[in-house]
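What the coordinates show
As a plain string of letters, each chain reads:
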Amino acid sequence: MLIPEPFFQIIALVLEAPLVSETWEIILRFIPFVLFLEMPVYLLILMGVLRYGLLRMNEVPWRSSYYPSVSCLITCYSEGEAVQQTIRSLSRQLYPGRIQIVPIIDGAAANKETYSAALSMKDEVDRLPNRVLKVVPKWQRGGRVSALNTGMNFADGEIIMALDGDTSFDNDMVERATRHFENPTVGCVAGCLRVRNVRASLVTRLQAIEYFFSIQAAKTGLSAFGLVNNISGAFGVFRRSVLELIGGWDAGTAEDLDITLRVKNYLGRYHCFRIVFDPEAMGFTHVPDTFRDFFKQRLRWDGDLSFMYFRKHWRTFSPRLVGWKNFIALLWTGLLFQVVMPVVVVIYTAYLFIAYPLGVVAGTMALVYLFYLAAMVILFLVFVLLLSERPRQDLLLVFWLPLVPIFAFANRIHGAFSALWEIFGLGHQDTNMAPWWVTKKSKF
Amino acid sequence: MVVAFTSEEGVISMEEIRLLRFVNCGNISFAPQDGVIDVDTLEDLVAKIRSVHGVILDGDFSKETVLMAVKEIRKIPETCYLPVFCSPSLDSDSALFTDGAIKSLDQAWEKTADMWGKLNEVDRGSLELSRDFRLLAYLALRQEGLNPLLQPFTCDAYRYPIAEFLGGESETRQWLRNLRDRGLLSQGPLIDRIRSCPKCQCTHLNYIDVCPNCGSIDIVPKEFIHCFTCGRVGPVDDFLQENGYRCPFCGTHLRHLGSDYDHPLESFLCNDCGHKFIEAHVVVDCLSCQTRSDPEELLVNTIHGYRISEKGRAAARVGSIDDVYALLDRLNYVIPAYFNQLLDWMILLNRRYPDQTFSVVGVRFVNLIQVSEKLGRHRASQIVDALAERLRQLIRNTDVTTRTATGILLLLLPMTDEAGASVVGGRILELVNLAETSPKPQFQLVAFSSSQNMREGESASSLLARILGELES
């Protein structure tokens, strides 16, 4: 016998578990937790997506001739030649208005390759009508915030886009993103992101599915109720007057969430302006292609999240500042969903393993997995049908869906540790978004 | 300070220099001064110009006035070489037509004196003869050469205004090139290379890209799209639909540059004949005569400055555009025809009065061509110049010289017998030793004396034929 005895015991336990009464006891304890925390959010998103889908069907394909001038601030660091694709995709937009492309090379003295790659696009861009390229070499490295604020000095557009150097855009992106600003109450537009290197590895495919759920679908749903939780740093669009009102970007990490929260701080006072998410203003970004790099990135992101909520922006959690609707949404999707839930899940799982026999735990986990998988497949198909602008491409990902609940669970656990690391270890200062001598001086 | 110098007219001291000042009413830079004649009209300037040694344009004249004044001075042969200065108030464009701005009248005086000091470099009798001499005289007296001026609104683009003033406006460029080919001018720095219409030589050309098929100028750039899904390539217009790019072959919505499609090339479309092409044909339209040419048909002109050459200086000095032998012509020179006549008369005189002896000495510079090749024309002409100077000391006032077309110097020595002739010949041969050059110039010498070698029925032409025959054999 080559296969050890305990292996068969585990298999037998898993197969028997769903039929054991103890399993159902656990499941019943689990249900309210899921029902009251997660389901309302999923339902909210689903309703929002349905609403969007209905409105989208009646949308006129080409809009009135409102073509404001646009400045695209591209924060570049060591992207190298990848920045050329970003510049090229912006210069070739199907947009009759003026587009000023401003790549800001942070630490251009050290990143000569990126700097010369951006400069070499000059002829190609200037040849095109209504396109201007202005490469800004920021010789001293100072982080994303300083790069964006530097760029603002050179930007002359009515609409300002804050973009990443390793993100390229669909050719109708500017057209889609700017159309919202015709409505004077729209202050910011959050752009949608997909994974550019989706075929690179398993982890990029899983991230593609995650981006589809958490960005394209979730933000569409939240946007329908005016509850956009974050304007991605890789792709944010602002009315210039709004940026001037809040005084540009603020020092510290996670400047995208920071600026979102700071914009929201004005929502309670200026009821008339909104943040809109457009699922069809599409950018393709480069994501980590190994699990190691992926978890390193998430450690930073999740840490930044709790840093934002607990340290820098705890005062934002006030109905007086952001209005009741956003207050509840922030509490729910931000704090509970993204920070509290992972910690609860970890504690709950640990409790299971301690309090119950292995077979029961395994059975419970299997059922929970099946529940999530079923919910995910249904939601995925609905979202693809209602939302996706590339349905065929997205449907191919359906084969990877069985892995997603496990991936998400691992992510949750990792997120919990990141939150703890941030709370106890000041992880946000350990970031590669800005050099240490800059983050050190930050107030938070 | 009294600077005295000699000219062919004799000695002129600094005090004798008279300057003519053309003033612009109420706007003069220098106070009036003795010896400076003021005029305020162009007519007065022309009337008095022949009696002065230099001209000053004092005031901020318009460019037209400066051009007219300078032109008047340069076109009169006797005054074409006169220095013309201007006051510092004249704008720099106009100052280019003068000999430069002066800071004070004293400076004008000194510069004029300098120039007149060099006047023996110029044979003033020749100025009337041709525009060649006027230009050479002008250049021989100045450091600067002849520089082209950019005149954008003229067909030539570059012109030589001074040369035009001196020689009239016809075919100036060809004239200068001709002088260069004859060695009188040397080429200065290359200023520009300019293309001109093969028909009318105008430089105002329009380079225009046209359809290679029908020659129409109505062409538009057309970008192409390559659809990654089906691999088709076609002009953007075929793909553009109201909601973006859609491939007309496979129907794919092309959203993302680089992953759905790219722009493989840019080409052109002719709106007249519908021809598609990658590279437009470039033709050149002359804006003056409307002739259309291909770029390779254009005339390419190099625009140079010109400097006077040594040969040019020599020509200016002797008033004859010939070679270095001309330098010898300062030795009691008579033209060959008169020399012949004189010799005939001497032969007849000797027949009647045999004691009226005379001698003829023929001198040939055997290796002048080699010396000239070895040391350069400039050095060779210096050597000949020095020899001519010494020969002048050797011969007497009554001796007469001439020079044949082949460069042989003939001396007619009246009242000189065989012994006297050989003394002169010996001294001429000694001259060679004074030259310190290598190779040394070599002389071949033939002496004829009426007392010895006279034949029956001898005439000047037969005598000279004998001498030349001996020298050139």
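Turning our attention to the overall build of chain A. Within chain A, the secondary structure is distributed over 18 helices and 9 strands. Here chain A holds 444 residues, and the buried ones make up 42% of them. Within chain A, residue pairs in contact and separated by at least 24 positions form 84% of the contacts whose partners lie at least 6 positions apart.

Our focus in this paragraph is the overall build of chain B. Along chain B, the regular secondary structure elements total 13 helices and 25 strands. For chain B, the proportion of its 473 residues judged to be buried stands at 32%. Put simply, 70% of the contacts in chain B that link residues at least 6 apart link residues at least 24 apart.

Listed by partner, the interface residues are 12 residues for chain A and 8 residues for chain B. Considering every element that reaches the side of chain A that touches chain B, the biggest residue donor is helix H4 (residues 82–91) of chain A, with 3 residues. A class-by-class count of the residues in the side of chain A that touches chain B yields 4 nonpolar, 4 polar and 4 charged.

Moving on, we come to helix H13 (residues 460–472) of chain B. Residue and element names in this part refer to chain B. Between its first and last C-alpha, H13 extends 18 Å over 13 residues, near the 18 Å set by a 1.5 Å rise per residue. Taken as a whole, H13 has its buried residues at Leu463, Leu464 and Ile467. When H13 is viewed along its axis, its buried side chains cluster within an angular range of 95° and face the same direction. Across from the buried face of H13, at angles greater than 90 degrees, the exposed residues are Ser461, Ser462, Ala465, Gly469 and Glu472. Here the buried face of H13 lies against helix H10 (336–352), strand E22 (358–365) and strand E25 (443–449).

Our focus in this paragraph is the sheet that holds E22(B). Residues and elements named next belong to chain B. Within the open sheet, the 4 strands sit side by side as E23-E24-E22-E25. Their pairing is antiparallel. Each having just a single partner strand, strand E23 (400–403) and E25 make up the two edges of the open sheet. The average undirected angle you get between the axes of adjacent strands in this sheet is 15°. Two elements, E23 and strand E24 (residues 409–414), share 4 bridges in a ladder whose sense is antiparallel. Bridge pairing in E24 places Thr402 opposite Leu410.

Within a regular beta strand, the side chains point alternately toward one face of the sheet and then the other, so they alternate between its two faces. All names here are of chain B. Among the 6 residues of E24, 5 are classified as buried, and the element is accordingly described as predominantly covered. Across 6 bridges, E22 lies against E24 in antiparallel orientation. Pairing of Val360 across the sheet is with Leu412, part of E24.

The tendency in soluble globular proteins is for nonpolar side chains to be buried as a group. With 81 residues, the main nonpolar core has Cys72(A), Leu73(A), Ile74(A), Ala118(A) and Met161(A) as its most contacted residues. Excluding residues that lie within four positions of it along the chain, Ile74(A) makes contacts with Val83(A), Thr86(A), Ile101(A), Val102(A), Pro103(A), Ile104(A), Leu163(A) and Gly165(A).

What follows covers the pairing of strand E17 (residues 266–270) of chain B. Residue and element names in this part refer to chain B. As defined by bridge partners, strand E11 (residues 219–227) adjoins E17 across 5 bridges and the pair is classed as antiparallel. Within E17, the position partnered with Ile219 by the bridge is Cys270. Here 2 bridges tie E17 to strand E18 (residues 276–277), and the two strands are oriented antiparallel to one another. In the sheet register, Leu269 faces E18, and the bridge partner there is Lys276.

Residues and elements named next belong to chain A. Packing of helix H3 (residues 39–57) against helix H9 (residues 202–224) leaves a shortest axis separation of 7 Å and a crossing angle of 80°. By the criterion of interaxial angle, the relationship of H3 to H9 is roughly perpendicular. Touching Leu44, Ile45, Leu46, Met47, Gly48, Val49, Arg51 and Tyr52 of H3 are Ala217, Ala218, Thr220, Gly221, Leu222, Ser223 and Ala224, all from H9.

All names here are of chain B. What the 3 strands build is an open sheet, ordered E10-E19-E20; its pairing is antiparallel. Here the strands that pair on one side only, and so sit at the sheet edges, are strand E10 (205–210) and strand E20 (292–293). Alignment of E10 against strand E19 (residues 281–286), held across 6 bridges, turns out to be antiparallel. Bridging across to E19, Ile208 finds its partner in Val283.

Turning to the confidence of the model for chain B, a few remarks are in order. Residue and element names in this part refer to chain B. Chain-level statistics for chain B give a pLDDT mean of 83 and a share of 92% at 70 or above. Looking over chain B, one finds the lowest element-wise mean pLDDT in strand E1 (residues 4–7), namely 40, and the highest in E10, namely 93. Confidence drops under a pLDDT of 50 for residues 1–11, and excluding neighbours within four residues, the segment shows 16 contacts in the predicted structure. Model confidence for the complex: the whole-complex pTM is 0.60, and ipTM, which rates the interface, is 0.78.

What follows concerns the environment of Glu158(A). Residue and element names in this part refer to chain A. With respect to the helices and strands, Glu158 occurs in the loop between helix H7 (143–152) and strand E5 (159–164). Taking the number of C-beta atoms within 10 Å as the measure of exposure, Glu158 has 17 and is therefore partly exposed. Linking Glu158 and Ser71, residues 87 residues apart in sequence, is a C-alpha distance of 7.5 Å. Look past the residues within four positions of Glu158 in its chain and what remains in contact with it is Pro68, Ser69 and Arg240.

Attention now goes to unusual backbone geometry. Residue and element names in this part refer to chain A. With a phi angle near 65°, Asn130 is a residue other than glycine that sits in the positive phi range. Tracing the sequence through the fold places Asn130 in the loop between helix H6 (122–126) and strand E3 (131–133). When the 14 C-beta atoms within 10 Å are taken as the criterion, Asn130 is described as partly exposed.

Residue and element names in this part refer to chain A. Packing of H4 against helix H5 (residues 112–119) brings their axes to within 8 Å, and their N-to-C directions diverge by 30°. Comparing the axis directions of H4 and H5 gives the class roughly parallel. As for how H4 packs across H5, the hand of that crossing is right-handed. Counted together, Val83, Gln84 and Ile87 of H4 and Thr114, Ala117 and Ala118 of H5 form the full contact between these two elements. Tallied by class, the residues present in the contact of H4 with H5 amount to 4 nonpolar, 2 polar and no charged.

Looking at the element boundaries, Leu227(A) is found in the loop between H9 and strand E8 (235–239). Residue Leu227(A) is classed as buried on the basis of its 22 C-beta neighbours within 10 Å.

Bringing helix H4 (residues 105–117) of chain B into the picture now. Residues and elements named next belong to chain B. The terminal C-alpha atoms of H4, which comprises 13 residues, lie 18 Å apart, in line with the 18 Å expected from a rise of 1.5 Å per residue. Inspection of H4 places Leu105, Ala108, Trp109, Thr112, Ala113 and Trp116 among the buried residues, and these make up the whole buried set. The arc that holds every buried residue of H4, seen down its axis, measures 135°, which confines them to one face.

Turning next to the environment of Trp400(A). Residues and elements named next belong to chain A. Mapped onto the secondary structure, Trp400 falls in the loop between helix H16 (391–395) and helix H17 (404–425). In this structure Trp400 comes out as partly exposed when scored by C-beta crowding, with 14 C-beta atoms within 10 Å. Between the C-alpha atom of Trp400 and that of Leu202, which follows or precedes it by 198 residues, the distance is 8.7 Å. Excluding its chain neighbours within four sequence positions, the residues that come into contact with Trp400 are Arg205, Leu206 and Ile209.

Rules behind the numbers
- Residues numbered from 1 in each chain as written.
- Chains lettered and ligands numbered in written order.
- Predicted model: local features only at pLDDT ≥ 70, side-chain atom pairs only at ≥ 80, totals over all residues.
- Helix = DSSP H or I, 4+ residues; strand = E, 2+ residues; numbered from the N terminus.
- Buried ≥ 20, exposed ≤ 12 C-beta atoms within 10 Å, placed from the backbone.
- Contact = placed C-beta atoms within 7 Å.
- Nonpolar A, V, L, I, M, F, W, Y, C, P; charged D, E, K, R; others polar.
- Expected span 1.5 Å × (residues − 1).
- Arc of directions from axis to C-beta.
- Pairing = 2+ DSSP bridges.
- Axes fitted to C-alpha atoms, helices over the stretch in contact; angles between N-to-C directions.
- Core = buried A, V, L, I, M, F, W, Y, C linked by C-beta atoms within 7 Å.
- Parallel < 35°, antiparallel > 145°, perpendicular 65-115°, else oblique.
- pLDDT = per-residue confidence, 0-100.
- Left-handed = near helix turned anticlockwise from the far one by under 90°.

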